[in-house]
Every structure is written in structure tokens, then in C-alpha cells.
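Report on the structure
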Amino acid sequence: MERAAEAALRPKSLDEFVGQRVVREQLSLVLDAAKGRGAPPDHVLLSGPPGLGKTTLAMIIAAELGVSLRVTSGPAIQHAGDLAAVLSSLDEGEVLFIDEIHRLARPAEELLYVAMEDFRVDVVVGKGAGASAIPLSLPRFTAVGATTRAGLLPAPLRDRFGFTGHLDFYAASDLERVIVRSARLLGVELAADAAAEIASRSRGTPRIANRLLRRVRDWAQVKGTGQLDYAAAQAALAVYEVDEKGLDRLDRAVLTALCTRFGGGPVGLSTLAVTVGEEPETVETVAEPFLVREGLMGRTPRGRVATLETWRHLGLAPPADSSTLFR
């Protein structure tokens, strides 16, 4: 039900898509030009943190072109044969969306190079000295790749995308528009100050904003008066442990361990992750980007360190020699 609710809130066209003005305008030009020529557009690469709308934009591209969307992901394609099977089943003009494209296996990656550039795949028949490659023509398609770590994409793959768009975190005003639109689609009345409160705690991410909106709706329905007002928003967000900066349980656990266990750092990522009972990759990809962006954590060659703002936010007294703290 949660996935269905989230899918229902996705915008269906570029006109409905809120925020990301530069990427939206650039993508609109690419799609309009392609439709004017009556040909598939260039391949599209979308990068940025999770939850900002990369998958939604891929769906919009297919909808704007009036074609179907084929969805797969990098981790799901571990062999060149897997990708060859997907590519050979595409129809003319179809959009192929590859999520987390930076996690493609190397053999599949090399096959994708040729498919994107020459619209063919080479099927190897036989083994050893008697093996031969049979070229198989593909219909012209548009590949849309999404990645949260653009730096991990090899240059040959990145260069084959005709358009690259980077999605940034949303401003609070744009998130308010997202929340108001979502509330209307959910059929609930949302007070303006409640929308502002939810937006301020959503970490600049529409996916989080929509999730918090649904949790506020749940609280108002079960424990409140049914009205999504400012009081309901504050009470619900307190129940779900989302503070005024948008920090959740994991964020606060990382910062608290950094300050109370290690005196503000520096401390290595693996040590910090073990202390809070999480995998290093979870801390690095889920908590750390937001904490660094908000100035609550610093990354140095010696490890992670707390800032003065971290101590203030946690209500802790910084070390006596605060001149050594990361600023």
C-alpha cells in the first residue's frame, strides 16, 4: 500500500514536476526536439542523491514520448547475457531505464557501450577456438541511466549519454509545493504552517517529504482530530523521531557516538559504524551526506569529526579546547 501511495504521488509530466528547474528545462528541449524530428532522443543520464526524482523523470520521459518504459537495475544485471536478453526484447523507440547503473557488471557494461552507440549486440556462439560472434541489430531505443554515485561511472559509459542532468536537493519552498500537491492527491486538508513544518524537516528530499506527510496523516487520523494542522505535524514528527533539523535516529546516533565516545573525532568510518550497529556503507551513503551538507560533520584525511554546531544541536558542552574542532 505504501508503494502504491508513493507511485500515485509521482508527477506524470514535466509540467507537473516541481523543482529542478534547470534540469527540467534542458530535458524539455531534448524531448521536444526529438519529437519534432520523429526520432528517439539521445540517451539520458540522471545523477544525484536518492529520493530526488530520477525514477520519476525516467517515467516522464517515456510518457512524454508516448512509448513504454522497460525498467531494470545495475545489480540485477550481472552477466552480459542478461543485458542482451533485455536489449533484444525492446521495441522501436522504447525507453530502457537502468537504475543504479554504476553497479553494472563489467561484461554487461562493455556490451552496453556497443548497444548504445551502434544499436547492436554481438551474440557469441560456441566456445574456445570455434566460437564466433553474430551481430544482432537492435531497434533504436533511449537508455536512461540513474546513479547516486556518478563518479563511479567509467568515462566510456558516461560519454555515451547525450544528456546528463544532476539533481540537487530541494529548497524548502519547492518541498512545500510538493507536499501541498501530495496532500491534494491524498484527499486531505493540510494547513499551510503544517506544510512548512514538514518541508523544513524533509532533508531537501521529496520522497522523505511525502513519507512524512503520510505519517502526519496517520497520526491525525488515529490520535488527533483528523486535521493536518501545525500541532498534528509537530506531534507526529516527534513520535517518528524526526527533529527540527530533519535528523532521524541514525543521524543522532552517529553524532552522539562521535561526540560522547570519541570526543568529537577524528574517528574512522568503520569504527563509527560498529559503534552505532550499522554497516559502514549505510552510514556513508544514508547519514553522512546530509550531516556533512548541514555542517554537522566533517570529513578529514584522519577520519570523521564533529563541528561546533554538532555539540550545540545535541545540547552537549564542547571540549575545553574547542579550537581544535572542525569548523
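Placed above this text is the structure.
Overview of the structure. The model shown is predicted, which means the values in this text are computed figures rather than measured ones.

Right, let's talk about the sheet that holds strand E1 (residues 44-47) for a bit. Pairing within the open sheet is parallel, and its five strands lie in the order E2-E3-E6-E1-E7. In the strand order of this sheet, the two ends are held by strand E2 (69-73) and strand E7 (163-166), each with one partner. Looking at each pair of strands side by side, their axes are set apart by 15 degrees on average, direction ignored. Both E2 and strand E3 (residues 95-99) contribute to a ladder of five bridges, which runs parallel. Pairing of Thr72 across the sheet is with Ile98, part of E3. Strands in contact with helix H2 (residues 21-37) are E1 and E7; relative to E7, the strand with the most contacts, it is inclined by about 160 degrees.

Next up on the list: the packing of helix H8 (residues 192-200) against helix H10 (residues 230-239). The N-to-C vectors of H8 and H10 enclose an angle of 25 degrees; their axes lie 7 Å apart at closest approach. As summarised for this structure, H8 and H10 are arranged roughly parallel, according to the angle between their axes. Contact residues: H8 offers Asp193, Ala194, Glu197 and Ile198, while H10 offers Tyr230, Ala233, Gln234 and Leu237. Each residue belonging to the contact of H8 with H10 can be placed in one class, and the counts come to five nonpolar, one polar and two charged.

Let us look at the pairing of strand E8 (residues 297-300). Each regular strand displays side chains that alternate between the two surfaces of the sheet. Examined bridge by bridge, E8 and strand E9 (residues 303-306) share four bridges and lie antiparallel to one another. Looking at the pairing, Gly298 lines up with Val305 of E9. Between E8 and E9, which pair antiparallel and follow one another directly, the connecting turn spans two residues.

It is the contact of helix H11 (residues 249-261) with helix H13 (residues 280-293), at a shortest axis distance of 10 Å, that shows an interaxial angle of 85 degrees. Judged by the inter-axis angle, H11 sits roughly perpendicular to H13. Mapping the contact onto sequence places Leu250, Asp251, Val254 and Leu255 in H11 and Thr282, Val283, Val286, Ala287 and Leu291 in H13. Class assignment of the residues belonging to the contact of H11 with H13 gives a composition of seven nonpolar, one polar and one charged.

Attention shifts here to the side chain of Thr310. Along the chain, the position of Thr310 falls in helix H14 (residues 308-314). Those residues within four positions of Thr310 in sequence are excluded, and the remaining contacts are Leu255, Cys259, Leu296 and Met297.

Take the environment of Val216 next. With respect to the secondary-structure elements, Val216 resides in helix H9 (residues 206-222). With a relative accessible area of 0%, Val216 lands in the buried category. Ignoring any residue separated from it by four or fewer positions in sequence, one finds Val216 in contact with Ile198, Leu228, Ala232, Ala233 and Ala236.

Put simply, the largest pocket is a space of about 1,400 Å³. Surrounding the largest pocket, 50 residues form its lining, Pro49, Pro50, Gly51, Thr205 and Arg207 being those nearest its centre. In terms of residue count, the dominant contributor to the lining of the largest pocket is H13 (eight residues). By residue class, the composition of the lining of the largest pocket is 19 nonpolar, 11 polar and 20 charged.

Rules used in this analysis
Residues numbered from 1 in each chain as written. Predicted model: local features only at pLDDT ≥ 70, side-chain atom pairs only at ≥ 80, totals over all residues. Heavy atoms only, no water. Pairing = 2+ DSSP bridges. Helix = DSSP H or I, 4+ residues; strand = E, 2+ residues; numbered from the N terminus. Axes fitted to C-alpha atoms, helices over the stretch in contact; angles between N-to-C directions. Contact = heavy atoms within 4.5 Å. Parallel < 35°, antiparallel > 145°, perpendicular 65-115°, else oblique. Nonpolar A, V, L, I, M, F, W, Y, C, P; charged D, E, K, R; others polar. Buried < 20%, exposed > 50% of the residue type's maximum accessible area, 1.4 Å probe, protein only. 1 Å grid on protein atoms, 1.4 Å probe; cavity = no way out; pocket = protein on both sides within 12 Å on 5 of 7 lines; lining within 4 Å. Points joined across faces, edges and corners; volume = space filled by probe spheres on them.

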